[in-house]
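# Coordinate inspection notes
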Amino acid sequence: MELFGITGTEYVGYLASFMVLLSFTMKDVKKLRLVNMSGCILFIIYGFLMPTLRIGLPIIIANTAIFAVNLCYLIKPSK
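Each chain carries its own residue numbering, running from 1 in the written order of its sequence. Given that this is a predicted model, residues contribute local features only at a pLDDT of at least 70 and side-chain atom pairs are listed and counted only at 80 or more, while totals for whole chains, interfaces and linings are drawn from all residues. Remark: hydrogens and water are excluded; side-chain values derive from all non-hydrogen atoms of the structure.

### Structural notes on the packing of helix 2 (residues 29-49) against helix 3 (residues 53-75)
For the record, the criterion: Between N-to-C directions, angles cover 0 to 180 degrees, with each direction set by a line fitted to C-alpha atoms, over the stretch in contact for helices. Helix numbering and strand numbering both begin at the N terminus, where a helix is a DSSP run of H or I of at least 4 residues and a strand a DSSP run of E of at least 2. Any angle that falls under 35 degrees is termed roughly parallel, while one over 145 is termed roughly antiparallel, one within 65 to 115 roughly perpendicular, and all others oblique. Note: crossing handedness is left-handed where the near helix turns anticlockwise from the far helix by less than a right angle, and right-handed where it turns clockwise. It only takes one pair of heavy atoms within 4.5 Å for two residues to be counted as in contact.
In the contact formed by helix 2 and helix 3, the axes pass within 8 Å of each other and the chain directions differ by 160°. For the element pair helix 2 / helix 3, the angle class is roughly antiparallel. The two elements helix 2 and helix 3 meet at a crossing, and its hand is left-handed. Listed contacts from helix 3 to Lys 30, Arg 33, Leu 34, Asn 36, Met 37, Cys 40, Ile 41, Phe 43, Ile 44, Tyr 46, Gly 47 and Phe 48 of helix 2 are Leu 53, Gly 56, Ile 59, Ile 60, Asn 63, Thr 64, Ile 66, Phe 67, Asn 70, Leu 71, Tyr 73 and Leu 74.

In structure tokens form, the structure reads like this:
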């Protein structure tokens with residue numbers, strides 16, 4: 001599927017990038033982590049949409065790790 005010469009896979013990548021960028025503009029750390037986690041999920045999906053897993057695997061691994069770090073900080077009781 002293409003719209004304006006951009007594939008669906010590329011749209012997922014652009015949306016993921018936008019979500020990560022948006023997360024860095026937030027002052028509330030909880031919101032920052034939640035928005036960043038949504039960007040990570042989109043990047044993981046983007047990694048699986050790559051032509052081969054060999055190309056997408058670094059994207060999947062890195063964003064899975066970032067997602068896990070965000071999740072740990074979200075569920076960790078605050079002092």
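### Topic: the nonpolar core
Defined as follows: Put simply, a nonpolar core is a bunch of buried Ala, Val, Leu, Ile, Met, Phe, Trp, Tyr and Cys residues held in one set by side-chain atoms that sit within 4.5 Å of each other. When accessible area is computed with a 1.4 Å probe and restricted to protein chains, residues below 20% of their type maximum are described as buried, those above 50% as exposed, and intermediate ones as partly exposed.
Within the largest apolar cluster, nine residues are counted, these being Val 12, Ala 16, Met 19, Val 20, Val 35, Leu 42, Phe 43, Tyr 46 and Met 50. When residues of this core are traced back to their parent elements, those giving at least two are helix 1 (8-23) and helix 2.

### Digging into helix 1
So the rule is basically this: One less than the number of residues in a helix, times 1.5 Å, gives the span that helix is expected to have. An arc is given here, and it is the one of the directions from the helix axis to the C-beta atoms.
Here helix 1 spans 23 Å end to end across 16 residues, near enough to the 22 Å set by a 1.5 Å rise per residue. Every buried residue of helix 1 is accounted for by Val 12, Gly 13, Ala 16, Met 19, Val 20 and Ser 23. All buried residues of helix 1 project into a common sector of 125° when viewed along the axis, lining one side. In this structure, helix 1 carries Tyr 14 and Leu 21 as exposed residues pointing more than 90 degrees from its buried face. The inward-facing, buried residues of helix 1 abut helix 2.

### As for the confidence of the model for the protein
Rule in force here: By definition, pLDDT measures how confident the predictor is in each residue, and it falls between 0 and 100.
Per-residue confidence for the protein gives a mean pLDDT of 93, with 97% of residues at or over 70. Per-residue pLDDT, averaged within each element of the protein, yields its smallest value for strand 1 (residues 2-3) (76) and its largest for helix 2 (96).

### Some thoughts on the packing of helix 1 against helix 2
In the contact formed by helix 1 and helix 2, the axes pass within 8 Å of each other and the chain directions differ by 160°. Our classification of the angle between helix 1 and helix 2 gives roughly antiparallel. Relative to helix 2, helix 1 is oriented so that their crossing is left-handed. Where helix 1 abuts helix 2, its residues Thr 9, Val 12, Gly 13, Leu 15, Ala 16, Ser 17, Met 19, Val 20, Leu 22 and Ser 23 lie against Leu 32, Val 35, Asn 36, Ser 38, Gly 39, Leu 42, Phe 43, Ile 45, Tyr 46 and Leu 49.

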